[in-house]
Amino acid sequence: MLNLEPLPWPAVGAVTLPLVGSRLISYSLGGNPGPWAEKLKTPKWRPPRAAFPIVWSGLYTGMGYASYLVWKEGGGFDGPARLPLAMYGAQLALNFSWSPIFFGMRSLKGALVNILVLDVAAAGTAYLFYRETPLAGYLMVPYLVWLSLATALNYRICKDNSDEDVKKM
């Protein structure tokens, strides 16, 4: 007879939250960037479009598990983990808002401002996570690296596409 231990539901929830949140945002925008995004001038070093959902799924899983570790080691929402988890929530909200700003509103500059604030919030989150449990901080490193690439890409797209051209697309 199989002896299955119960699922660690808090960990499942922590990992599921960013994955489901990102899918809901994507769904609300029609599921893909669409023809408008195809017309934007992008640099040659831009990763292929197919890479984005794959990479983001892994990053959301890692950051979700990191948040679980902080919650678990830091005494939940009422312990010392309160500030790191609040910062995590703030940076996740900024992360979720980038796609509607960029793709929904077609605001390249607005998205650039958003992602610059997100960079600071994500770095702060990683630092606070590390202070609570080092593994959680390390789990945020791939996210910070990808955000750096995404920020550079957003900047380059913003620089290479005029507001007038974007409005005409």
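Whatever comes next refers back to the structure up there.
Criteria and thresholds
- Residues numbered from 1 in each chain as written.
- Predicted model: local features only at pLDDT ≥ 70, side-chain atom pairs only at ≥ 80, totals over all residues.
- Heavy atoms only, no water.
- Helix = DSSP H or I, 4+ residues; strand = E, 2+ residues; numbered from the N terminus.
- Buried < 20%, exposed > 50% of the residue type's maximum accessible area, 1.4 Å probe, protein only.
- Contact = heavy atoms within 4.5 Å.
- Areas by Shrake-Rupley, 256 points an atom, 1.4 Å probe, with all protein chains shown as cover.
- Lys, Arg positive; Asp, Glu negative; His and termini not counted.
- Charge placed at Lys NZ, Arg CZ, Asp CG, Glu CD.
- Expected span 1.5 Å × (residues − 1).
- Phe/Tyr/Trp six-rings, centres within 6.5 Å; stacked < 30°, edge-to-face > 60°.
- Core = buried A, V, L, I, M, F, W, Y, C linked by side-chain atoms within 4.5 Å.
- Salt bridge = Lys/Arg side-chain N within 4 Å of Asp/Glu carboxyl O.

Peer 1: Describe the overall build of the protein chain, with residues and values.
Peer 2: For the protein chain, the count of helices and strands is 8 helices and 0 strands. Going from the N terminus to the C terminus, the protein chain shows its helices and strands as α-α-α-α-α-α-α-α. Seen along its three principal axes, the alpha-carbon backbone of the protein chain occupies a region of about 60 × 40 × 25 Å. Counting the 169 residues in the protein chain, one finds 39% classified as buried. Taking contacts inside the protein chain between residues at least 6 apart in sequence as the whole, the part at least 24 apart equals 77%. Total accessible area on the protein chain stands at roughly 9,800 Å², and carbon and sulfur atoms take up 67% of it. Placing the 15 positive and 10 negative side-chain charges of the protein chain at their respective mean positions leaves the two points 10 Å apart.

Peer 1: Could you give me a rundown of the side chain of Gln91, with the residues and numbers involved?
Peer 2: Looking at the secondary structure, you find Gln91 in helix 4 (residues 82-104). By relative accessible area, which is 0% here, Gln91 ends up buried.

Peer 1: So what's going on with helix 7 (residues 141-160)? Which residues, and what values?
Peer 2: Counted at 1.5 Å a residue, the expected span for helix 7 with its 20 residues is 28 Å, and the 29 Å between its end C-alpha atoms agrees. The complete set of buried residues in helix 7 reads Tyr143, Trp146, Leu147, Ala150, Thr151, Leu153, Asn154, Ile157 and Cys158. In this structure, the buried residues of helix 7 make contact with helix 3 (51-73), helix 4 and helix 5 (108-132).

Peer 1: Describe the packing of aromatic side chains, with residues and values.
Peer 2: Within a pair of aromatic rings, the relevant descriptors are the distance that separates the centres and the angle that separates the planes. Under the definition given, this model contains 13 aromatic pairs. Note on Trp36 and Phe103: the rings are 6.4 Å apart at their centroids and 90° apart in plane angle, and the pair reads as edge-to-face. A residue pair is termed long-range when its members are at least 10 positions apart, and Trp36 in helix 2 (residues 34-39) and Phe103 in helix 4 qualify at 67 residues. Residue Phe103 is classed as partly exposed on the basis of its relative accessible area, which comes to 23%. Taken together, the ring pairs connect Trp36, Trp98, Phe102 and Phe103 into an aromatic cluster.

Peer 1: Tell me about the nonpolar core, and please be specific about residues and values.
Peer 2: The biggest cluster of nonpolar side chains holds 41 residues, and the ones touching the most others in it are Phe102, Leu108 and Tyr143. Only helix 1 (9-28), helix 2, helix 3, helix 4, helix 5 and helix 7 provide two or more residues apiece to this core. Here this core gets 9 residues from one element, more than from any other, and that element is helix 5.

Peer 1: Before we move on, can you summarise the pattern of salt bridges with the specific residues and values?
Peer 2: If charged atoms from side chains of opposite charge come close, those side chains can pair. Throughout the structure, instances matching the rule amount to 3 salt bridges. A salt bridge links Glu38 to Arg49; the nearest nitrogen and oxygen atoms lie 2.8 Å apart. Pair noted here: Glu38 is in helix 2 and Arg49 is in the loop between helix 2 and helix 3, with a separation of 11 residues, a long-range link. Among the residues examined, Arg49 registers a relative accessible area of 29% and is labelled partly exposed. The salt bridge involving Arg82 is made with Asp78; its shortest N-O contact spans 3.7 Å.

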